[in-house]
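# Coordinate analysis (summary)
Letter by letter, the chains look like this.
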Amino acid sequence: MTVCRYTVISICDISQQTTDHVAAKFRIPHKTTNPSEVINNPDVDVVFILAADEFHESLCISALKAGKRVFIEKPISLSIPSTKRIIASEKAAGGAKVFVGYMRRYAPSFTAAFLREVATIPKILYARSRDIVGPNDHFVNQSGTSPLKFFDFPSASGEEQKRNLEILVGEAFPGVSPTERDVKYCRFLGSLGSHDLSLMREALGFPESVAGVTANEPFYTAMFNYRNKSGEPFSVTYESGIDDVPRFDASLAVYGEKKQVSIVYDTPFVKGLPIKVKIDELNEHGEAVSREVLSSFEDAYTVELKDMYTCFALGETIKTSAEDACLDLELFHLMYKQLVKQEGR
Ligand SMILES: NC(=O)c1ccc[n+]([C@@H]2O[C@H](COP(=O)([O-])OP(=O)(O)OC[C@H]3O[C@@H](n4cnc5c(N)ncnc54)[C@H](O)[C@@H]3O)[C@@H](O)[C@H]2O)c1
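Quantities reported herein were computed from a predicted structural model and do not represent experimental measurements. (Residues numbered from 1 in each chain as written. Predicted model: local features only at pLDDT ≥ 70, side-chain atom pairs only at ≥ 80, totals over all residues. Heavy atoms only, no water.)

Looking now at the site of the ligand. In the vicinity of the ligand there are 18 residues, among which D13, D53, K74, F153 and Y301 approach most closely. In the model, an oxygen atom of the ligand is placed 2.6 Å from a nitrogen or oxygen of the D53 side chain. In isolation the ligand has 840 Å² of accessible area, and contact with the protein removes 73% of it. Residues that form the shell around the ligand fall into these classes: eleven nonpolar, three polar and four charged. The residues that make up the shell around the ligand include at least three from each of domain 1 (10-101) and domain 2 (104-299 + 308-342). (Near = heavy atom within 4 Å. Polar contact = N/O pair within 3.5 Å; in protein donor to acceptor, adjacent residues only side chain to side chain. Areas by Shrake-Rupley, 256 points an atom, 1.4 Å probe, with all protein chains shown as cover. Nonpolar A, V, L, I, M, F, W, Y, C, P; charged D, E, K, R; others polar. Domains from an automatic or database assignment.)

The following block contains the structure:
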């Protein structure tokens, strides 16, 4: 039996053509270009904030003030102060109201097989987070969803977005004048970086420190210092970038002495591509053994939204809460600080 957990009753986009198209395509009864019509609609229980990062804070706080629960796409925002303003607003609204959309962390192969297999490594010696991908549009355009993009934005919205970005990047790089490259770094960590670094945090915890970073647009790297269960140090390498090659090379690999566990993500925009866990180990006979585990074909976005239902409707704890997302901003902050220090600014 299929349980209907959500009904979309109202859609807003600042582009009139986008609202017209989406409302017709998905038979949504109400459409508007004014966000407050969704936010203040008494029949709306949950507001989904899927707009550009620069609008996340203001839309989220308005929705919380209107007494709504909120699904907000990652990154929750682009600076720690901005995220703290959201958290303060959530607290004022009674708490446990914000769910951040880190879908990779809800993939069954991550929550079941990957975490279970990593837990059997007695001593982690090294880990590597890689996310080197081609442009989203390449995958989206071949996904069979026939997406359309419209650009009929009100002229003031571009200015507002620019102003918001300046404020957020200024907060992310306190005490220095951010360069164009800093802005790109901030946007990159918010977009692709937040997926990988939040996954790394859930699997391995928060790093002790950041040993070094590089930010050579469009590729970014970092070396994190960690300590394993027995107190010995190990490193985690992060490497990521978006170029024009249409491939999706995203994985988190954890290495022990006799076992390597990797989770491999394909593009999320083509539905049904499996997320698999690969295990390579040395067995008791001195033989090399490789296994692949697929915990479920269920799409990570679907599991994420089912989980949100259990949080909002049934009172379960939100894993990807606003406080959790703030830890990503804290990690980005350490990375920005390291870059500034390396450059002697
Ligand atoms: N979880 C994922 O896999 C995933 C994938 C892509 C994007 N995202 C996140 O989703 C968000 C949107 O990304 P995108 O690539 O679709 O961005 P986008 O800029 O292409 O689209 C945003 C949409 O929001 C509309 N919009 C902008 N400002 C608005 C406002 N103030 N009120 C209402 N509508 C507004 C735009 O017209 C556009 O239709 C970002 O935060 C991004 O990080 C998440």
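Glancing now at the pattern of salt bridges. Tallying each qualifying case throughout the model produces 29 salt bridges. As a salt-bridge pair, D249 and R130 come within 3.7 Å of each other at their nearest N and O atoms. Residue D249 is found in strand β10 (residues 248-255), and its partner R130 is found in strand β6 (residues 126-133); the two are separated by 119 residues along the sequence. The class of D249 is partly exposed, set by a relative accessible area of 30%. Through salt bridges that share partners, R105, R201, E202, K319, D324 and D328 make up one connected network. (Salt bridge = Lys/Arg side-chain N within 4 Å of Asp/Glu carboxyl O. Helix = DSSP H or I, 4+ residues; strand = E, 2+ residues; numbered from the N terminus. Buried < 20%, exposed > 50% of the residue type's maximum accessible area, 1.4 Å probe, protein only.)

Right, let's talk about the sheet that holds strand β7 (residues 209-216) for a bit. One open sheet accounts for eight strands, arranged β7-β8-β9-β6-β10-β11-β12-β13; its pairing is mixed. At either end of the open sheet lies a strand with only one pairing partner, and these are β7 and β13 (288-293). If you compare each strand with its neighbour and ignore which way they point, the axes differ by 10° on average. Of the strand pairs in this sheet, β6 and β10 are connected by eight bridges, and their pairing is antiparallel. Residue pairing in the sheet places I132 in a bridge with D249 of β10. Lying on the sheet, helix α5 (residues 108-118) is in contact with β10, β11 (259-265), β12 (276-282) and β13; it crosses β11 at an angle near 165°. (Pairing = 2+ DSSP bridges. Axes fitted to C-alpha atoms, helices over the stretch in contact; angles between N-to-C directions. Contact = heavy atoms within 4.5 Å.)

Now for the sheet that holds strand β4 (residues 69-73). If you walk across this open sheet you meet the three strands as β3-β4-β5, and the pairing is parallel. Both edges of this open sheet fall to β3 (46-49) and β5 (98-101), since each of them pairs with a single strand only. Each strand axis lies, on average, 15° off the axis of its neighbour in the sheet, ignoring direction. As judged from the four bridges shared by β3 and β4, these two strands associate in the parallel manner. Bridging from a neighbouring strand, V47 pairs with V70 of β4.

Attention now goes to the domain arrangement of the protein. Looking at the protein, the domain boundaries give domain 1 (10-101) and domain 2 (104-299 + 308-342). Inter-centroid distance (C-alpha atoms) of domain 1 to domain 2 is 24 Å. Taken together, the 37 residues of domain 1 in the interface contact 35 residues of domain 2. Between domain 1 and domain 2, roughly 3200 Å² of surface is buried when both sides are summed, and carbon and sulfur atoms account for 66% of that area. Of all residues in domain 1, E54, L78 and F99 give up the largest surface area on contact with domain 2, accounting jointly for 24% of the area buried on that side. For the interface between domain 1 and domain 2, the tally reads three salt bridges. (Buried area = accessible area lost by both parts, 1.4 Å probe.)

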